[in-house]
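# Summary of structural features
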Amino acid sequence: MGDSSFISIFLSTYRTFTSTQRVLDILIDRLGNPPGESKSNTHQMFNKAVCTVFSTWLSDYPEDFRSLSDPSCLLRIAPLLPTDTSGAEIKGRLLRIAEELSEKTLLSGSLSDPTKGVTSPPDPSEFDATSILGFPSSVIAEQLTRIETDLFLKLVPYHCLGSLWSQRDKKGQEGACWSVRATIKQFNRLTNAVTASCLWNTGLKSQQRARLLEKWISVAEACRTRKNFSSLYAILSALQSNPIHRLRKTWQETDREAVGRYKELSDIFSEKDNYSQSRELLKESCAQGTVPYLGIFLRDLTMLDTAVKDRLENGFINFDKRRREFEVIAQIRLLQSSCKNSIFRTDETFVQWYHSVPTLREEESYKLSNQIEAPGEPSPGRGLNPTVIITQCPDSLSAVANSTMDADGLFDFPSPVNHLLSKLCKHVKSPSVSCLDVESSPPSNDATPSVLTTPTTAVKSHRRSVSCGNNPTNKKAEAGPDMRIVRIRMDLHDGNLYRSILVTSNDKTPTVISSALEKHNQNTQEASKYELIQLLPEGKELIIPPTGNAFYAMSSASVDFLLRRRGGNTPTGSPSLGNETSATFPRIKAKGRRLVRTLF
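Along every chain, residues carry numbers that run from 1 in the direction the sequence is written. Local features are withheld for residues below a pLDDT of 70 in this predicted model, meaning they are given only at 70 or higher, and side-chain atom pairs are given and counted only at 80 or more; totals for whole chains, interfaces and linings count all residues. The side-chain quantities take in all heavy atoms of the structure and omit both hydrogens and water.

- As recorded in an unreviewed UniProt entry, the protein chain goes by the name Ral guanine nucleotide dissociation stimulator-like 2, listed as coming from Anabarilius grahami.

### Here's the deal with empty space enclosed by the protein
- Points on a 1 Å grid over protein atoms alone make up a cavity when a 1.4 Å probe fits among them but cannot get out, and a pocket when they form an open set with protein on both sides within 12 Å along at least five of seven lines; lining residues each have an atom within 4 Å of a point. Grid points are joined across faces, edges and corners, and a volume is the space filled by probe spheres set on the points. Here the structure, examined in full by the defined rule, presents 3 cavities of 30 Å³ or more.
- Residue lining of the largest cavity: Glu-148, Leu-151, Phe-152, Leu-155, Thr-183, Ser-230, Val-291, Pro-292 and Leu-294, and that is the complete set.
- Per element, the largest residue contribution to the lining of the largest cavity is 3 residues, and it comes from helix H7 (residues 137-154). By the criteria applied, helices consist of DSSP H or I runs no shorter than four residues and strands consist of E runs no shorter than two, each listed in order from the N terminus.

### Digging into the nonpolar core
- Put simply, buried Ala, Val, Leu, Ile, Met, Phe, Trp, Tyr and Cys residues joined by side-chain atoms within 4.5 Å make one nonpolar core. A simple rule labels every residue: compare its accessible area, found with a 1.4 Å probe on the protein chains alone, to the largest value its type can have, and call it buried under 20%, exposed over 50%, or partly exposed in between. Counting residues in hydrophobic clusters, the biggest one holds 102 residues, and the most contacted among them are Phe-54, Trp-57, Leu-74, Trp-216 and Ile-235.
- At 9 residues, the largest contribution of residues to this core is made by helix H9 (residues 178-199).
- In this structure, this core is formed jointly by two domains, domain 1 (4-109) and domain 2 (131-374), each of which donates at least three residues.
- Counting residues in each nonpolar core, the second largest holds 21 residues, with Val-486, Leu-532, Ile-544 and Ala-553 among its members. Domain ranges listed in this record stem from an automatic or a database domain assignment.

### Observations concerning the side chain of Gln-336
- Considering the arrangement of structural elements, one finds Gln-336 in helix H17 (residues 319-339).
- Polar contacts involving the side chain of Gln-336 include one to the main-chain carbonyl oxygen of Leu-155, which spans 2.8 Å.
- The contact criterion used is simple: two residues touch if any of their non-hydrogen atoms lie within 4.5 Å. Setting aside residues no more than four positions away along its own chain, Gln-336 makes contact with Phe-152, Leu-153, Leu-155 and Pro-157. Pairs of N or O atoms within 3.5 Å make up the polar contacts considered here, provided that, within protein, one atom can donate a hydrogen while the other can accept it, and that residues adjacent in sequence are counted only when both atoms are side-chain atoms.

### Considerations on the pattern of salt bridges
- Each reported salt bridge corresponds to a side-chain nitrogen of Lys or Arg within 4 Å of a carboxyl oxygen of Asp or Glu. Tallied over the full model, the rule gives 20 salt bridges.
- Here Lys-309 and Glu-313 are joined by a salt bridge, their closest N and O atoms 2.2 Å apart.
- By relative accessible area, Lys-309 is classed as buried at 15%.

### Focus: the packing of aromatic side chains
- Centre distance within 6.5 Å is the pairing criterion for rings of Phe, Tyr and Trp, where only the six-membered ring of Trp is used; planes under 30 degrees apart are then read as stacked, over 60 as edge-to-face, and the remainder as tilted. With the rule as written, the count across this model stands at 20 aromatic pairs.
- Seen from their ring centres, Phe-6 and Phe-319 are 4.6 Å apart, and the 25° between their planes marks the pair as stacked. Of this pair, Phe-6 sits in helix H1 (residues 6-13) while Phe-319 is found in helix H17, placing the two residues 313 residues apart along the sequence.
- Between Phe-54 and Trp-57 the ring centres are 6.3 Å apart and the planes differ by 20°, which places this aromatic pair in the stacked class. You can see Phe-54 and its partner Trp-57 sitting in helix H3 (residues 40-60), 3 residues apart, about one turn around the helix.
- By relative accessible area, Trp-57 is classed as buried at 0%.
- Taken together, the ring pairs in this structure connect Phe-6, Phe-10, Tyr-14, Phe-17, Phe-54, Trp-57, Phe-65 and Phe-319 into an aromatic cluster.

### Thoughts on the confidence of the model for the protein chain
- The pLDDT averaged across the protein chain works out to 75; a share of 70% of its residues lies at or above 70.
- Between residues 109-118, whose pLDDT stays under 50, and residues either more than four places distant or in other chains, the model counts 0 contacts.
- Values of pLDDT, which run from 0 to 100, indicate the predictor's confidence residue by residue. This stretch, residues 377-479, has a pLDDT under 50; its non-local contacts, to residues over four places away or in other chains, come to 341 contacts.

### Structural notes on the pairing of strand E5 (residues 530-535)
- In terms of burial, E5 is a largely internal element, 6 of the 6 residues being buried.
- On E5, burial covers both faces: Tyr-530, Leu-532 and Gln-534 on one face and Glu-531, Ile-533 and Leu-535 on the other are all buried.
- Any two strands with at least two DSSP-identified bridges between them are counted as paired. Across 5 bridges, E5 lies against strand E7 (residues 560-565) in antiparallel orientation. In the strand pairing of E7, Gln-534 is matched with Phe-561.
- Hairpin connection between E5 and strand E6 (residues 541-543): a loop of 5 residues separates the two successive antiparallel strands, and Glu-538 in this loop has a positive phi of roughly 65°.

Rendered as structure tokens:
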């Protein structure tokens, strides 16, 4: 069709609708039975086109061939290639890969050292949390950037595609998207290191602990200078997490200028205008060795996958969708190319400290936080807007779990993608809870390699929409239910902890309450003993009807909710649906109220 970008787009996205083996089988069939065989010119042109496909494929995605279970198909291709220079080069590369695969098959049955690659967990008794103060912030930032850059260069961009990433938790997909999981494991590890260093030594005075906060704020600034947005966001997420955020006395002792800089850094990841500030910063520095926050791209690609049909009405593959996905993948590859010439020194002393940090589970973090400052009145609401993070995804390969990552693309994408995303963001708070989550207090430490909560109910309640087509007869059903991410708090003995929950237009209040209890590790069988309350501005509350549709009952004025046992005290003046007026329904007549009760 004369589309010079077709091959690049196809090779970047074909895994979303077919397999490497299937594409190879088709090419082998075409080489053996080319169109217009009677015309030598047509035959030669066709062979040249096939050679172009193989040449690009081998150069850009050699791992596709090395992942084949049977090398025989490569041996079938070699004799069919033209005998000219380009054909001979491709033939040689294919045969070398076939030899590698054969050797790999032979060696796979041999005995291997069971201890190889196994590392013992750090000894908590040897961890010195305060020794981080002895490292210059610039050295810490350089070491973190070195680690992040190495992982980013190993990232396989197509692993970020929404349809691949959303399948990672399915049985048999434990090794899928390994490069994304590795990046997320590092994100969680850094967030855990920040949290552990600030909470581990419970005997520190507030002034001493404040020095730790100031140190990490300084490191965050140094990461910003190095354009290491991944580590920057991981540090901010840890400082914003509830176990650290609730330490009032410590924050009061923290230098005011440092706190001001901390807030400025946090603004980089503000959700305002679809994370426009983050995108603009990446756009400005994409040619200077930038390590992005990967969650930005995961979010964009998941939104595209959720909102756009995989196939057209006639059954053909929707290649325009793949073209849009390619635009995002191209941005990742551009950033990767800018990092290839980065040079770093290794500071073994810091690396040793970094690997000595014990992993704190979520419950342990809150226990330590409460030992430092006993729970009293509810901790203040977060001054910063909630951020979008990627939820944890255990990996049996090497415990390469995943969790948070950059919130939204840091790029000003070409107009088709940018227009689509801006439209989607008005209707979908989070594109797919199977890969994104919203925490009131970003990454809270969870199991190894922890930091984020596992998307339990949210994942189960979400179903990927394969279309958002133009069928006027069933447009609503095709687009799927409306959805919204809300934050639900429970006043527990270990502090006030928010959890993010996906609420769809199909969800009744009991379903939402059960989801919230499960997220808070509480007994879901006691859902009937709780009521769901929306926390509105000016201290008002809106009680969601116990048997109604929670999605339509809630007000758009707030995403914060409280789960409270029935019989608890409701503040004076707090509106509920039984009142003449409420925050959601300003003055409705008696008949209107009856209609509302019926609907809910």
